[in-house]
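# Inside the fold
Chain residues, written in single-letter form:
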Amino acid sequence: MSKKVFELNENEKMFASKIAGDCWKMPKFSINRQVSGKYYFTDKRIAFLATGLIGTESVSWEIEIKNISTIKKCLTPPFFPFGILITMKNGDKYKLSIFSRNKYYEWISNQLN
């Protein structure tokens, strides 16, 4: 089985792609767990494709921006100021860790308005 590849949907515009980062929290895990990968930001969704040799499909995800309830800046372990905590309307949470956090935080915030 080949690794998942990110593809734009019809009428979707890319903001940023292949942005290296980590995901520390996602609905599949009850505790923080560091998973490295690449982020993709479009005007409709945010996707995270995990990198590694085995099991990346199970920790890769994508969310629709219209389903985001709130976002806030946060710390990532141990105490780095790289985090963005996304809470979905259904209560699911995602903790992104990404350099240039302010750029992506502002962009996501603007998409929610």
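Predicted model only: the values in this text are computed from it and were never measured.

## Considering the nonpolar core
Side chains that are nonpolar tend, in soluble globular proteins, to be buried together. Counting 27 residues, the largest nonpolar core has Tyr39, Phe41, Ile46, Trp61, Ile68 and Ile86 as the members making the most contacts within it. Of all elements in the fold, only strand 1 (14-25), strand 2 (35-42), strand 3 (45-50), strand 4 (61-64), strand 5 (68-76), strand 6 (80-88), strand 7 (93-97) and helix 2 (101-112) reach the threshold of two or more residues within this core. No other element matches helix 2, which puts four residues into this core. Among all residues touching Ile46, those that are not within four sequence positions of it are Tyr40, Phe41, Trp61, Glu62, Ile63, Ile65, Ile68, Ile86 and Ile108.

## Side note on the side chain of Asp22
Structurally, Asp22 is set in strand 1. It turns out Asp22 is buried and unbridged, and the closest side chain with the opposite charge, Lys38, is 9.8 Å from it. A distance of 2.7 Å separates a polar atom in the side chain of Asp22 from a polar atom in the side chain of Ser36. Setting aside anything within four residues of it in sequence, one finds Asp22 in contact with Gln34, Val35, Ser36, Tyr39, Phe48, Lys95, Leu96 and Ser97.

## Some thoughts on the pattern of salt bridges
Within this structure, the stated rule accounts for three salt bridges. The residue Arg45 makes a salt bridge to Glu12 at a minimum N-O spacing of 2.6 Å. You can see Arg45 sitting in strand 3 and its partner Glu12 sitting in the segment before strand 1, a full 33 residues away along the chain. Under the relative-accessibility criterion, Arg45 is labelled buried at 5%. With its nearest N and O atoms 3.5 Å apart, the salt bridge here joins Glu64 to Lys66. By relative accessible area, which is 39% here, Glu64 ends up partly exposed. Taking the relative accessible area as the measure of exposure, Lys66 reaches 58% and is therefore exposed. Salt bridges linked by common partners bring Glu12, Arg45 and Glu62 together as one network.

## Regarding the sheet that holds strand 1
Pairing is antiparallel across the open sheet formed by seven strands, whose spatial order is 4-3-2-1-7-6-5. Taken across any chain shown, the strands that pair with only one partner, and hence form the sheet edges, are strand 4 and strand 5. For this sheet, the mean inter-axis angle between neighbouring strands, taken without regard to orientation, is 30 degrees. Strand direction decides the pairing type here: strand 6 and strand 7, joined by five bridges, are antiparallel. When the sheet's bridge partners are listed, Thr87 is paired in strand 7 with Lys93.

## Details of the pairing of strand 5
Residues in a regular strand project their side chains so that they alternate between the two faces of the sheet. In this sheet, strand 6 lies alongside strand 5 in antiparallel orientation, the contact comprising seven bridges. Across the sheet, residue Lys73 finds its bridge partner in strand 6, namely Ile84. Between strand 5 and strand 6, which pair antiparallel one after the other, the connecting turn spans three residues.

What counts and what doesn't
- Residues numbered from 1 in each chain as written.
- Predicted model: local features only at pLDDT ≥ 70, side-chain atom pairs only at ≥ 80, totals over all residues.
- Heavy atoms only, no water.
- Core = buried A, V, L, I, M, F, W, Y, C linked by side-chain atoms within 4.5 Å.
- Buried < 20%, exposed > 50% of the residue type's maximum accessible area, 1.4 Å probe, protein only.
- Helix = DSSP H or I, 4+ residues; strand = E, 2+ residues; numbered from the N terminus.
- Contact = heavy atoms within 4.5 Å.
- Lys, Arg positive; Asp, Glu negative; His and termini not counted.
- Salt bridge = Lys/Arg side-chain N within 4 Å of Asp/Glu carboxyl O.
- Polar contact = N/O pair within 3.5 Å; in protein donor to acceptor, adjacent residues only side chain to side chain.
- Pairing = 2+ DSSP bridges.
- Axes fitted to C-alpha atoms, helices over the stretch in contact; angles between N-to-C directions.

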